[in-house]
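Residues per chain are reported as follows:
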Amino acid sequence: MKTKKVPSRICVGCKEAKEKRSMIRVVKDTEQMITLDETGRKNGRGAYICKNKDCLERALKTKGLERSLKVSIPEEVIASLREEMEVIEAR
């Protein structure tokens, strides 16, 4: 029996390749809104990060998230991303 290929993505924070399902997608939609997408199905330009706050902080510090999304991220959006990540980590 043939095994299915498991899609992998590279984290913009730690630069490690991991399974797509174990990561969170950060999406910039058509209205230039930046949000976390747990389902991985929202329309828009996306970047993947691990499900921990350290990778989010590293991606913000090195501006890897801004490069991947091709936009500068305002401070209030960064604060909301941090809050959303804390909720996800708490689960």
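Along each chain, the written sequence defines residue order, and numbers are assigned to residues from 1. Predicted model: local features are reported for residues with pLDDT of at least 70 only, side-chain atom pairs are reported and counted for 80 or more only, and whole-chain, interface and lining totals are derived from all residues. The basis for the side-chain values is all heavy atoms of the structure; hydrogens and waters are excluded.

> How would you summarise the nonpolar core if you had to cite specific residues and measurements?
Core analysis: the largest hydrophobic core is formed by 24 residues, its most contacted members being Ile 49 and Leu 65. Only DSSP runs of H or I with at least four residues qualify as helices, and only runs of E with at least two residues qualify as strands; both kinds are numbered from the N terminus onward. Taken together, the elements giving at least two residues each to this core come down to β3 (23–28), β4 (34–37), β5 (45–50), α1 (53–61), α2 (64–69) and α3 (75–90). A per-element tally of this core places α3 first, with five residues. Any two residues whose heavy atoms approach within 4.5 Å at even a single point are treated as in contact. In this structure, Ile 49 is in contact with Cys 11, Val 12, Met 23, Ile 24, Val 26, Leu 56, Ala 59 and Met 85, ignoring residues within four places of it in sequence. The nonpolar core is taken to be a set of buried Ala, Val, Leu, Ile, Met, Phe, Trp, Tyr and Cys residues, with the residues joined through side-chain atoms within 4.5 Å. Buried, partly exposed and exposed residues are distinguished by accessible area as a fraction of the type maximum, computed with a 1.4 Å probe on protein chains only: under 20%, between the cut-offs, and over 50%, respectively.

> So what's going on with the sheet that holds β5? Which residues, and what values?
Remark on secondary structure: sheet strands pair via backbone hydrogen bonds, oriented parallel or antiparallel. Two strands are counted as paired when DSSP detects at least two bridges linking them. Spatially, three strands are ordered β4-β3-β5 in an open sheet, and the strand pairing comes out antiparallel. The sheet is open, and its two edges are formed by β4 and β5, each paired on a single side. Each adjacent strand pair in this sheet contributes to an overall mean axis angle of 30°, direction not counted. Across four bridges, the pairing between β3 and β4 is antiparallel. When the bridges of β4 are listed, Val 27 appears paired with Thr 35. For helices, the fitted line uses only the C-alpha atoms of the stretch in contact; every axis is such a line through C-alpha atoms, and the angle between N-to-C directions lies from 0 to 180 degrees.

> Which residues make up the side chain of Glu 66, and what values go with them?
You can see Glu 66 is positioned in helix α2. Counting rule applied: Lys, Arg positive; Asp, Glu negative; His and chain ends not counted. One side-chain nitrogen of Lys or Arg within 4 Å of one carboxyl oxygen of Asp or Glu is enough to make a salt bridge. In this structure, Glu 66 is buried with no salt-bridge partner, the nearest side chain bearing the opposite charge being Lys 63 at 4.1 Å. Contacts described as polar in this section are N or O atom pairs within 3.5 Å, which, within protein, must combine one atom able to donate a hydrogen with one able to accept it, while residues neighboring in sequence count only if both atoms come from side chains. Reaching out from Glu 66, the side chain makes a polar contact with the backbone nitrogen of Ile 73 at a distance of 3.3 Å.

> Before we move on, can you summarise the environment of Gly 40 with the specific residues and values?
Residue placement: Gly 40 occurs in the loop between β4 and β5. By relative accessible area, which is 22% here, Gly 40 ends up partly exposed. The sequence separation of Gly 40 and Arg 21 amounts to 19 residues, and the corresponding C-alpha distance is 8.5 Å.

> Explain the pairing of β3 residue by residue, including any values.
Most of β3 is tucked away: six of the six residues are buried. The alternating pattern of β3 places Met 23, Arg 25 and Val 27 on one face and Ile 24, Val 26 and Lys 28 on the opposite face, and all of these are buried. As defined by bridge partners, β3 adjoins β5 across six bridges and the pair is classed as antiparallel. Across the sheet, Ile 24 pairs through a bridge with Ile 49, a residue of β5. Counting the residues in the hairpin turn of β3 and β4 gives five residues, including Gln 32, whose phi is positive at 65°.

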